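Secondary and tertiary structure notes
Here is what each chain is made of, one letter per residue.
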Amino acid sequence: MPTAANPGPSAPVSGGWNEGDPVAERLFADLGTLELENGKTLPGTKLAYETWGELNAEKSNAVLILHALTADAHVVGEATEGQATGGWWNEIVGPGKVIDTEKFFVLAPNVLGGCQGSTGPSSLAPDGAPWGSRFPVISTRDQVAAEALLADQLGIESFSLVVGASLGGHRAIEWAVDMPERVCRLIVVASGAHTTAEQAAWAHTQLRAIELDPAWQGGDYYTSPDKPSSGLALARQIAHTTYRSPEELDTRFGRRPQGDEDPLHGGRLAVESYLDYHGTKIVNRFDAGSYVALTRSMLSHDAGRERGGIPEALARITAATLVVAVDSDRLFFPEQLRKIAEQIPGAIYRQIHSDYGHDGFLLEYSQLTAMFDEFLGDTVQL
């Protein structure tokens, strides 16, 4: 059976999108050479992205949506050839939804370092070989710099709204701190202005799970018949445990065995099978190199770096701001979100009630819709 140690023989070397695959709804922007925060450069940088709606003549109705760690630019729509997953916010974005694509022009880029069409470790370097271990360390600020270049190419000088959840919230905050004149309204959901020591600890264990897989080969596994499936699956299991609440796991699984498996004879509990399923699933749709690159960007995330600290950095934000926490989140605790709201001038704090933990921002659509609707209605900006 597929497990973290053996996700299955059919798992691909990289579950991401590769050149030659069907493009689905992706569009691509060539950004040229990107100067990175650490002094290195990334030549031939590309961002994949998707859009919905029409940009008005004044270009004043643009909305930027920034995705979480293993999500992508496919915010809205069905799974299709070349796009393994359906839209992750179908209930929030679309015609007549709270982020109404009949009113707004919605832009969603695949994050720099990702594996769904944007330049990342699995992409081909200028020499025609995958970047692999040569892919430079990138930061939240580098990712936002790439997104700003994309906006420039599209002629968008400022966004009516920037929305980011989880890892996407890191970028949303960075947008509002670094380029306040380009962000009219800001929504941050289940995220942080810097990575805490505990969040870094969870990230470290996921990195080590991948790096200790012999098939990782230092990141240069793309042309090898071996693949770091076990490491990536285990990293996802560690992460997924932090995405759900203890109460939900206990209510949903308790001490039940998986089917007729008996833990006294080496069988699994149902919760173990659940984590094995998510480990296998990530291997088939994501890339281990991107998982490492994006997790490292989380480790360096600090909006206050070289800006006098977090309070001074957040004080730069001029956007009307809504900060949303999930009450059962054990990755981005509500106290962290509340403090962010207190440090952004005029920010509003709201809290989702959910049994699901961090993943509540993907599941509690009615609560999010009500909060977004209130905020957007009170801050008309078209």
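Residues numbered from 1 in each chain as written. Predicted model: local features only at pLDDT ≥ 70, side-chain atom pairs only at ≥ 80, totals over all residues. Heavy atoms only, no water.

Quick notes on the overall build of the chain
Within the chain, the regular secondary structure consists of eleven helices and ten strands. Whereas a compact globule of 382 residues would reach a radius of gyration of roughly 21 Å, the chain reaches 20 Å, a difference of no more than 12%. The dimensions of the chain, computed from C-alpha atoms along their principal axes, are 65 × 50 × 40 Å. Counting over 382 residues, the chain shows a buried share of 57%. Excluding contacts between residues fewer than 6 apart, the proportion of contacts in the chain whose partners are at least 24 apart in sequence is 73%. Taken as a whole, the chain presents about 15500 Å² of accessible surface, with 52% of it coming from carbon and sulfur. A distance of 2 Å separates the average location of the 29 positive side-chain charges in the chain from that of its 50 negative side-chain charges. (Helix = DSSP H or I, 4+ residues; strand = E, 2+ residues; numbered from the N terminus. Rg over C-alpha atoms; globule rule 2.2 N^0.38 Å. Buried < 20%, exposed > 50% of the residue type's maximum accessible area, 1.4 Å probe, protein only. Contact = heavy atoms within 4.5 Å. Areas by Shrake-Rupley, 256 points an atom, 1.4 Å probe, with all protein chains shown as cover. Lys, Arg positive; Asp, Glu negative; His and termini not counted. Charge placed at Lys NZ, Arg CZ, Asp CG, Glu CD.)

Looking at the domain arrangement of the chain
Note on interface size: it is often stated as the accessible area lost on association of the parts. In terms of domain boundaries, the chain breaks down into domain 1 (27-195 + 302-379) and domain 2 (200-295). One C-alpha centre belongs to domain 1, the other to domain 2, and the line joining them spans 25 Å. Each side of the interface is counted separately: domain 1 has 29 residues, and domain 2 has 26 residues. Our count for the contact surface shared by domain 1 and domain 2 stands at one salt bridge. With a closest N to O distance of 3.2 Å, aspartate 359 and arginine 244 form a salt bridge. Inspection of the region where domain 1 meets domain 2 yields 13 residue pairs in polar contact (both at pLDDT 80 or more). (Domains from an automatic or database assignment. Salt bridge = Lys/Arg side-chain N within 4 Å of Asp/Glu carboxyl O. Polar contact = N/O pair within 3.5 Å; in protein donor to acceptor, adjacent residues only side chain to side chain.)

Let's talk about unusual backbone geometry
Note: most peptide bonds trans; most residues except glycine with negative phi. For alanine 24, which is not glycine, the phi dihedral falls at a positive 55°. Even without being a glycine, glutamate 306 presents a positive backbone phi close to 60°.

Points about helix α1 (residues 140-153)
Helix length check: α1 (14 residues) gives 20 Å between terminal C-alpha atoms against 20 Å at 1.5 Å per residue, within 8%. A large share of α1 lies buried, amounting to ten of its 14 residues. Of the surrounding elements, those touching the buried residues of α1 are β1 (27-35), β2 (41-52), β3 (62-66), β6 (105-109), α2 (167-178) and α7 (288-300). Glycine 155 sits one or two positions beyond α1 and adopts a positive phi of about 75°. (Expected span 1.5 Å × (residues − 1).)

Observations concerning the pattern of salt bridges
Counting across every chain of the model gives 17 salt bridges. Among the salt bridges present, the one from aspartate 127 reaches arginine 134, with a minimum N-O distance of 2.7 Å. Aspartate 127 gets classed as exposed once you look at its relative accessible area, which sits at 52%. Here arginine 350 ties to glutamate 374 by a salt bridge, and the two come within 3.3 Å at their closest N and O atoms. Of this pair, arginine 350 sits in strand β10 (residues 348-352) while glutamate 374 sits in helix α11 (residues 365-378), and the two are 24 residues apart along the sequence. On the accessibility criterion, arginine 350 (29% relative accessible area) is partly exposed.

Considering helix α3 (residues 197-211)
In this model α3 runs 20 Å from its N-terminal to its C-terminal C-alpha over 15 residues, within 8% of the 21 Å that 1.5 Å per residue would give. Within α3 the residues assigned to the buried category are Gln199, Ala203, Gln206, Leu207, Ala209 and Ile210. One side of α3 carries all its buried residues, which in axial view fall inside an arc of 155°. In the core, the buried residues of α3 are packed alongside α4 (229-243), α7 and α9 (334-343). (Arc of directions from axis to C-beta.)

Here we look at the environment of alanine 68
Along the chain, the position of alanine 68 falls in the loop between β3 and β4 (93-94). What makes alanine 68 buried here is its relative accessible area of 14%. Setting aside residues no more than four positions away along its own chain, alanine 68 makes contact with Ala165, Ser166, Leu167, Gly168 and Phe361.

Remarks on the confidence of the model for the chain
Confidence along the chain averages 95 in pLDDT terms, with 96% of residues attaining 70 or more. A low-confidence stretch, residues 1-11 (pLDDT under 50), is modelled with 28 contacts involving residues beyond four sequence positions or located in other chains. (pLDDT = per-residue confidence, 0-100.)

What about the UniProt feature "domain: AB hydrolase-1" (unreviewed entry) in the chain?
UniProt tags residues 61-364 as "domain: AB hydrolase-1" (unreviewed entry). End C-alpha to end C-alpha, residues 61-364 measures 26 Å, and it is 36% helix and 12% strand. (UniProt positions renumbered as here; feature names shortened; annotations may be inferred.)

Considerations on the packing of aromatic side chains
Within this structure, the stated rule accounts for nine aromatic pairs. Ring plane angle 35° and centroid distance 5.4 Å describe the contact between tryptophan 17 and phenylalanine 28, whose orientation is recorded as tilted. Note that tryptophan 17 is positioned in the segment before β1 and phenylalanine 28 in strand β1, a separation of eleven residues in sequence. Tryptophan 17 sits in the buried class, given a relative accessible area of 10%. The class of phenylalanine 28 is partly exposed, set by a relative accessible area of 34%. Pairing tryptophan 216 with tyrosine 221 gives two aromatic rings, centres 5.7 Å apart and planes at 35°, and the pair type is tilted. (Phe/Tyr/Trp six-rings, centres within 6.5 Å; stacked < 30°, edge-to-face > 60°.)

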